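# An overview of the molecular structure
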Amino acid sequence: MLPSVVHLARPVSIRLAFMRPLAHFRPHMDPDPSRPVERAIRTKLTNALKPDHLEVLNESHMHAVPPGSESHFRVLVVSSQFEGLPLIQRHRMVNETLKDELSCRIHALAIQAKTPAQWGSNPTLAKSPPCMGGSKGDHTVDQKLKTGQE
């Protein structure tokens, strides 16, 4: 499990975000073929929202799920399509884009949706709190994990 944790943490991308201009920085936008849910998230968000910056973090390793799961994600989407929209509408756009994954493969999705100006003034990715084990009693998680592996 340790290699997947190291791979998923991606600390370099966060440090690089402070050093590179927004227009030239597109980390992790190429889908990883070994991670089908993560790949689907990246592809769909890229196609629908044309982000200037996109980060997709699989945080499943932080939760009470089997190693290698793809059930808990955090996304940071920076897109000019968010200009003039309230935060709730931005989140709805992301949720609508990922509605198929949310219905059967993703148990939890944390969203940061920023405009390029907001990202330029505050290029940070929020951290998730530690897992409190809430999914242990949710029987849909098992089904979503099985669907994500098919």
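Residues numbered from 1 in each chain as written. Predicted model: local features only at pLDDT ≥ 70, side-chain atom pairs only at ≥ 80, totals over all residues. Heavy atoms only, no water.

### Description of the confidence of the model for the chain
A residue-level look at the chain finds 65% of positions with pLDDT of 70 or above and a mean pLDDT of 76. Averaged over each element, pLDDT in the chain is lowest for helix α2 (residues 11-17) (37) and highest for helix α4 (residues 87-97) (98). Taken as a whole, residues 1-31 scores under 50 in pLDDT and shows 47 contacts with residues more than four places along the chain or in a different chain. (pLDDT = per-residue confidence, 0-100. Helix = DSSP H or I, 4+ residues; strand = E, 2+ residues; numbered from the N terminus. Contact = heavy atoms within 4.5 Å.)

### Considering the sheet that holds strand β1 (residues 53-58)
Read across the sheet, 3 strands follow the order β1-β2-β3 without closing on themselves; strand pairing throughout is mixed. Bordering the open sheet on either side are β1 and β3 (108-114), each of which pairs with just one other strand. Pairwise comparison of adjacent strand axes, ignoring direction, gives a mean angle of 10° for this sheet. Relative to β3, strand β2 (residues 72-78) runs parallel, the two being bridged by 7 bridges. Each residue of the ladder has a partner; that of Val77, found in β3, is Ala113. Contacts from α4 reach β2 and β3, with the element oriented near 125° to β3. (Pairing = 2+ DSSP bridges. Axes fitted to C-alpha atoms, helices over the stretch in contact; angles between N-to-C directions.)

### A few points about helix α3 (residues 36-49)
Spanning 14 residues, α3 covers 20 Å between terminal C-alpha atoms, matching the ideal 20 Å at 1.5 Å per step. Within α3, burial applies to Val37, Glu38, Ala40, Ile41, Arg42, Leu45 and Leu49. Lys50 occupies a position one or two residues after α3 and carries a positive phi of about 45°. (Expected span 1.5 Å × (residues − 1). Buried < 20%, exposed > 50% of the residue type's maximum accessible area, 1.4 Å probe, protein only.)

### Some thoughts on α4
For α4, every residue scored as buried is listed here: Arg90, Met93, Val94 and Thr97. Across the axial projection of α4, the buried residues extend over an arc of 95°, all falling on one side. Its buried side turned inward, α4 meets α3, β2, α5 (99-104), β3 and α6 (116-121). (Arc of directions from axis to C-beta.)

### So, the side chain of Lys114
With respect to the helices and strands, the residue Lys114 is situated in strand β3. Although Lys114 is buried, it forms no salt bridge, and the closest oppositely charged side chain is Glu55 at an N-O distance of 9.2 Å. Those residues in contact with Lys114, other than ones at most four positions away along the chain, are Leu76, Val77, Val78, Ser79, Phe82, Arg90, Trp119, Asn122 and Thr124. (Lys, Arg positive; Asp, Glu negative; His and termini not counted. Salt bridge = Lys/Arg side-chain N within 4 Å of Asp/Glu carboxyl O.)

### Topic: the pattern of salt bridges
Within the structure shown, the criterion is met by 6 salt bridges. For Arg35, the salt bridge is made with Glu70, and the minimal N-O distance between the two is 3.8 Å. One end of the pair, Arg35, is in the loop between α2 and α3; the other, Glu70, is in the loop between β1 and β2, and 35 residues separate them in sequence. In this structure, the salt-bridge partner of Arg42 is Glu38, at a minimum N-O distance of 2.8 Å. Note that Arg42 and Glu38 are positioned in helix α3 at a spacing of 4 residues, about one turn of the helix. One network of salt bridges, with partners in common, ties together Lys44, Asp100 and Glu101.

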